[in-house]
Amino acid sequence: MNPFNSVNQDVQSTIETISNEFAIAGEFVEGHEINSGLINTTYIATYEMPSGEVQRYILQRINEKVFKDPLAVMHNVECVTRHINWKVLRVKKDLGGQTLNLYPARGGRFFAVGKGGGIWRCYNYIEGCHTYDIVENTRQAYQAARAFGAFQDLVCDIPVQEILETIPDFHNTPKRYQRLMEVVEKDPCGRLKNVSAEVDFVRQREKVCGRLIALMEEGLLPRRITHNDTKLNNVMIDAETDEAVCVIDLDTVMPGLSLYDFGDLVRTATSPAAEDETDLSKVEMRMPMFEALAEGYMDGCDCLTKTEIDHLVYGGKVITLETGIRFLTDYLEGDVYFKAQREGHNLDRCRTQLKLVERIEEKEEAMNAFVRRVAKGRR
Ligand code: GN1
Ligand code: MG
């Protein structure tokens, strides 16, 4: 008997029904949910092909509370996957590996409409790979950063106006700051009393929040097409060789700053602690991991300007602060955005982020000196 059938018949039939909307040849065998990501719901469907070969597919329903215009998300994902596939084939052959492919729905579009109107898409499952929540060695850190650097390079010639802003002001840290202060003012769930230290910590760093956006507005940092969710577990890593194979989760591809992309790698790959760790003494900024990230990103991406390179470390600091602000805002609002599995989950997440900001500040000089050395060696 298929073990998954007895576990959850509803999930099985949801997956089977929706996967049959896509142009997959073969028979549905089983499906199950994978618990990764704080926003979308993701399933794996296994099919037996007419040849007897077994193939797996990723099915995802777009979270419409977060992505108010799912078809705009699909437009962006289609544009970027088409562009990358074309370039990997013809221009950047050396990148090797696999790329993310959207499967067409029956009828030719790249999405299907599920029961109740949800928008679903189907991707190829990348076999033989893992994603990591915590980086295990500098090779993985280097590889992940090189892959996201290469991603930045691959999309750098898509005109910015082709890509839609699916979540307005997504990485606009000063706006995230303002929004937190509004929620602090209202204290809608009576939770403010638990977080005065966190709010003070953020208040002291108001200026930090605004710096990169100000440079962009002055024309000193280029607005590019960026991934915007470059956390370590959004790159598939070959289980045997530790080589990065494919960048995933393209939903938040939007116009933005490369520094937020590099920064989210610093946020997610330098600390050995989980994002929701409650023992804050485990939060660290591991210099060897940072060095591997900086080298990897610069090796993967040729298009960075001097001002971008000069602010790579700042990017790490700002997005870690921003993510702390977002978790804190959500905690105060009653956990309405990020999936929370326990009481205070978003507050725990906020605390690891703010602790990491502190750890980055302690090493900021050394981190900047390292980037300068690497950049000088390349000139
Ligand atoms: C969300 O769902 P996931 O894990 O891919 C969030 C990111 C945060 C991240 C924190 C659309 O990403 O911005 O950095 O959680 N995505 C969205 O883990 O808000
Ligand atoms: Mg995501």
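One can find the structure itself at the top, above this paragraph.
Residues numbered from 1 in each chain as written. Chains lettered and ligands numbered in written order. Predicted model: local features only at pLDDT ≥ 70, side-chain atom pairs only at ≥ 80, totals over all residues. Heavy atoms only, no water.

Asks: Explanation requested: the sheet that holds strand β2 (residues 41-48) in the structure shown.
Replies: The strands making up a sheet are joined through hydrogen bonds of the backbone, oriented either antiparallel or parallel. The 5 strands lie next to each other as β1-β2-β3-β5-β4, forming an open sheet whose pairing is antiparallel. Edge positions in the sheet fall to β1 (27-34) and β4 (112-113), since each of these pairs with one other strand and no more. Packed on one face of the sheet, helix α2 (residues 9-19) meets β1, β2, β3 (54-61), β4 and β5 (119-124) and runs near 120° to β1. (Pairing = 2+ DSSP bridges. Helix = DSSP H or I, 4+ residues; strand = E, 2+ residues; numbered from the N terminus. Contact = heavy atoms within 4.5 Å. Axes fitted to C-alpha atoms, helices over the stretch in contact; angles between N-to-C directions.)

Asks: Is there a simple way to think about the site of ligand 1 in this case?
Replies: As a matter of local geometry, ligand 1 sits amid 16 residues, with Leu38, Asp229, Lys231, Arg326 and Tyr337 nearest to it. Measuring from an oxygen atom of ligand 1, one finds a backbone N or O atom of isoleucine 39 at 3.1 Å. Interatomic distance of 2.9 Å between a side-chain N/O atom of aspartate 229 and an oxygen atom of ligand 1. The fraction of the free accessible surface of ligand 1 (440 Å²) that becomes covered by protein chains is 96%. Classifying every residue of the shell around ligand 1 gives 8 nonpolar, 2 polar and 6 charged. (Near = heavy atom within 4 Å. Polar contact = N/O pair within 3.5 Å; in protein donor to acceptor, adjacent residues only side chain to side chain. Areas by Shrake-Rupley, 256 points an atom, 1.4 Å probe, with all protein chains shown as cover. Nonpolar A, V, L, I, M, F, W, Y, C, P; charged D, E, K, R; others polar.)

Asks: Could you clarify how one ought to interpret the packing of aromatic side chains in this entry?
Replies: For any pair of aromatic rings, geometry is given as the distance between the ring centres together with the angle between the planes. As enumerated under the stated definition, the model contains 8 aromatic pairs in all. On the basis of an interplanar angle of 80° and a centroid distance of 5.7 Å, the ring pair of phenylalanine 28 and tyrosine 47 is categorised as edge-to-face. Of this pair, phenylalanine 28 sits in strand β1 while tyrosine 47 sits in strand β2, and the two are 19 residues apart along the sequence. The pair formed by phenylalanine 28 and tyrosine 47 is uniform in burial state, with each residue classed as buried. The interplanar angle of 75° and the centroid separation of 4.8 Å between the aromatic rings of tyrosine 337 and phenylalanine 338 together place this pair among those described as edge-to-face. Taking relative accessible area as the criterion, phenylalanine 338 reaches 8% and is therefore assigned buried. Among the aromatic residues, those joined into a cluster by ring pairs are Phe28, Tyr47, Tyr57 and Tyr103. (Phe/Tyr/Trp six-rings, centres within 6.5 Å; stacked < 30°, edge-to-face > 60°. Buried < 20%, exposed > 50% of the residue type's maximum accessible area, 1.4 Å probe, protein only.)

Asks: Which parts of the structure should I look at to understand the side chain of histidine 345?
Replies: Along the polypeptide, histidine 345 turns up in helix α12 (residues 345-378). Of the residues examined, histidine 345 reaches a relative accessible area of 2% and is grouped as buried.

Asks: Which parts of the structure should I look at to understand the coordination of the magnesium ion (ligand 2)?
Replies: When a metal carries six donors in an octahedron, the ideal angles between them are 90 or 180 degrees, while four donors in a tetrahedron ideally lie at 109.5 degrees. Distances from the magnesium ion (ligand 2) to its protein donors, namely Asp229 (OD) and Asp249 (OD), fall within the range 1.9 to 2.0 Å. Highlighted residues: aspartate 229 in the loop between β7 (224-226) and β8 (235-238) and aspartate 249 in the loop between β9 (244-247) and β10 (254-256), separated in sequence by 20 residues. Under the relative-accessibility criterion, aspartate 249 is labelled partly exposed at 26%. (Donors = N, O, S within 2.8 Å, 3.2 Å for Na, K, Ca; no water.)

Asks: What exactly am I supposed to notice about the environment of glutamate 275 here?
Replies: Within the fold, glutamate 275 resides in the loop between α8 (258-269) and α9 (287-300). Assessed through its relative accessible area of 23%, glutamate 275 is described here as partly exposed. In sequence terms glutamate 275 and leucine 304 are 29 residues apart; their C-alpha atoms lie 29 Å from each other. Setting aside residues no more than four positions away along its own chain, glutamate 275 makes contact with Leu38, Arg267, Phe327, Asp348, Arg349, Thr352 and Gln353. Polar contacts involving the side chain of glutamate 275 include one to the side chain of arginine 267, which spans 2.8 Å.

Asks: Hey, could you run me through the packing of helix α4 (residues 138-155) against α8 in this one?
Replies: For any two helices packed against each other, one specifies the inter-axial angle together with the distance between the axes. Their axes nearest at 10 Å, the elements α4 and α8 cross at an angle of 165°. The angle between α4 and α8 places the two elements in the roughly antiparallel class. Crossing of α4 over α8 shows right-handed handedness. Residue-level inspection shows Ala144, Ala145, Phe148 and Gln152 of α4 in contact with α8, the latter providing Ser258, Asp261 and Leu265. Here the residues of the contact of α4 with α8 are counted per class, giving 4 nonpolar, 2 polar and 1 charged. (Parallel < 35°, antiparallel > 145°, perpendicular 65-115°, else oblique. Left-handed = near helix turned anticlockwise from the far one by under 90°.)

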